[in-house]
Amino acid sequence: MKKILIYALCLLSVFLFASCGQDRNEPGSTVDIPDGLIVVGFSQVGAESDWRLANTRSMRETFSEENGYFLILRDAQQMLENQLAAIREFISLEVDYIVFAPVTEGGWDDVLKEAKGAGIPVIIVDRMIDTSDVELFTCWVGSDFHSEGDTAVQWMEAEFKDKPDLLIVHLQGTLGSSAQIGRTEGLQAGVDRNPGWEIIHQVSGEFNQVKGKEVMEPVLKQFSHIDVLYAENDDMAFGAMEAMDMARWTYGVGGAVTIISFDATRAGLEATLDGRINFNVECNPLHGPRVEAIIAQLERGETPDKFIFVEETAFDARTITQEDIDARAY
Ligand code: AHR
């Protein structure tokens, strides 16, 4: 048995450890790693959305002891500094692989140099980082967020081809994250080429439902009409819908406000099927098996592709079927 000591990295970790009870896989505990397991340190962004929970589940299910792995999972609670601390912890523990989903794009070079110096392969999932040296990480697998934004905007252009003037409210995700940047740039490109489109309000709902509702409430007081709500994920769309229900605004198919959303989680697709969301662009969170396939390649001494984009689709309320929802694993 290889014995490693996982030590407290910060006061927050100590507090969580004390308040949640001892877990052999928590910061501050001593863990025994059975021989023969591949040790994977995974720094997750947080638990802000249904998408994120599905992503964490996918990683946990894939990197189980039954499958030959020992997973050390750290939840960064949306903070870059927590992710940097987690990655430094993984380096000191000499894990076999470091995997992380970056909360925002900037600020990674130093810690990646440390991981490279320690000879630990680094796999980035979901979002991208902004670095001058792509040799600092082994490879990346995730979504093409620009293409997601383009898909949404192309739908808007077709949907509103006879209505050139659009008043748009834009709920952004976590500022500085690839998901926000790609989806926002997609919308901005649409606004740039459609002179009648106007973003009348732009605010971050941080990819979560509570915040989505909170930021939508004043918008509904400020404006008497909105043509399109462009919500950068389902959770924020749900929060905005709660606010609109309370303020008695109509939305969705046949309603005053057309809703565009992203993720297409099961709940998001159900809302699309019943017409509360008009158009939902998929973002697939099932990265566990994809990361495992990369690790298998590396274990065999092969070189995985540097960038692996996940195939994604989109759903229109008028054409989605119950089968689409039944096929959803998240
Ligand atoms: O990076 C993927 C995004 O992050 C998802 O769209 C969002 O729901 C999540 O929190």
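Rules of the game
- Residues numbered from 1 in each chain as written.
- Predicted model: local features only at pLDDT ≥ 70, side-chain atom pairs only at ≥ 80, totals over all residues.
- Heavy atoms only, no water.
- Pairing = 2+ DSSP bridges.
- Helix = DSSP H or I, 4+ residues; strand = E, 2+ residues; numbered from the N terminus.
- Axes fitted to C-alpha atoms, helices over the stretch in contact; angles between N-to-C directions.
- Near = heavy atom within 4 Å.
- Polar contact = N/O pair within 3.5 Å; in protein donor to acceptor, adjacent residues only side chain to side chain.
- 1 Å grid on protein atoms, 1.4 Å probe; cavity = no way out; pocket = protein on both sides within 12 Å on 5 of 7 lines; lining within 4 Å.
- Sits in = over half its atoms within 2 Å of the grid points.
- Nonpolar A, V, L, I, M, F, W, Y, C, P; charged D, E, K, R; others polar.
- Points joined across faces, edges and corners; volume = space filled by probe spheres on them.
- Contact = heavy atoms within 4.5 Å.
- Salt bridge = Lys/Arg side-chain N within 4 Å of Asp/Glu carboxyl O.
- Core = buried A, V, L, I, M, F, W, Y, C linked by side-chain atoms within 4.5 Å.
- Buried < 20%, exposed > 50% of the residue type's maximum accessible area, 1.4 Å probe, protein only.

## Thoughts on the sheet that holds strand β13 (residues 307-309)
Hydrogen bonding along the main chain pairs the strands of a sheet, whether they run parallel or antiparallel. Read from one edge of the open sheet, six strands run β4-β3-β5-β6-β7-β13, paired in parallel fashion. What marks the edges here is a single partner per strand, and that holds for β4 (69-75) and β13. On average, adjacent strands in this sheet sit at an angle of 15° to one another, irrespective of strand direction. Across three bridges, the pairing between strand β7 (residues 139-142) and β13 is parallel. Note on β13: the bridge partner recorded for V141 is I308.

## Re the site of the ligand
In the vicinity of the ligand, the contacting residues are E48, S49, W51, R52, D126, R127, F145, A179, R183, F207, N233 and D263. Between the ligand and the protein, one listed contact pairs an oxygen atom with a side-chain N or O atom of R52 at 3.0 Å. A distance of 2.7 Å is found between an oxygen atom of the ligand and a side-chain nitrogen or oxygen belonging to D126. Put simply, the ligand lies in the largest cavity. Listed by contribution, the elements that provide at least two residues to the shell around the ligand are α2 (50-62) and α6 (178-193). Class assignment of the residues belonging to the shell around the ligand gives a composition of four nonpolar, two polar and six charged.

## Remarks on the layout of surface pockets
What the second largest pocket holds in volume is close to 160 Å³. In this structure, the second largest pocket is lined by E105, M128, W140, S143, D144, F145, H146, S178, I181, G182, F307 and F309. When residues of the lining of the second largest pocket are traced back to their parent elements, those giving at least two are α5 (145-159), α6 and β13. With three residues, the single largest contributor to the lining of the second largest pocket is α6.

## Overview of the environment of M236
Here M236 lies in helix α8 (residues 234-246). In sequence terms M236 and K113 are 123 residues apart; their C-alpha atoms lie 36 Å from each other. In contact with M236, other than residues within four places in its own chain, are L171, Q172, G173, G205, E206, F207, N208, Q209, G212 and A231.

## Looking at the pattern of salt bridges
If you walk through the whole model with that rule in mind, you get 17 salt bridges. Measuring nitrogen to oxygen at the nearest pair gives 3.5 Å for the salt bridge that ties K163 to D227. Of this pair, K163 sits in the loop between α5 and β8 (166-172) while D227 sits in the loop between α7 (209-222) and β10 (228-231), and the two are 64 residues apart along the sequence. Ionic contacts of the salt-bridge type, sharing partners, join the residues E48, R52, D126 and R127 into one network.

## Let's talk about the nonpolar core
In a soluble, globular protein the nonpolar side chains are often hidden away together inside. Ranked by internal contacts, the top residues of the largest apolar core, which has 29 residues, are V169, L171, M216, I226, L229, M244 and I259. At the level of elements, β8, α7, β10 and α8 are the ones that each hand at least two residues to this core. Apart from residues lying up to four places away in sequence, I226 is in contact with L167, V169, I200, M216, V219, L220, W249, A256 and V257.

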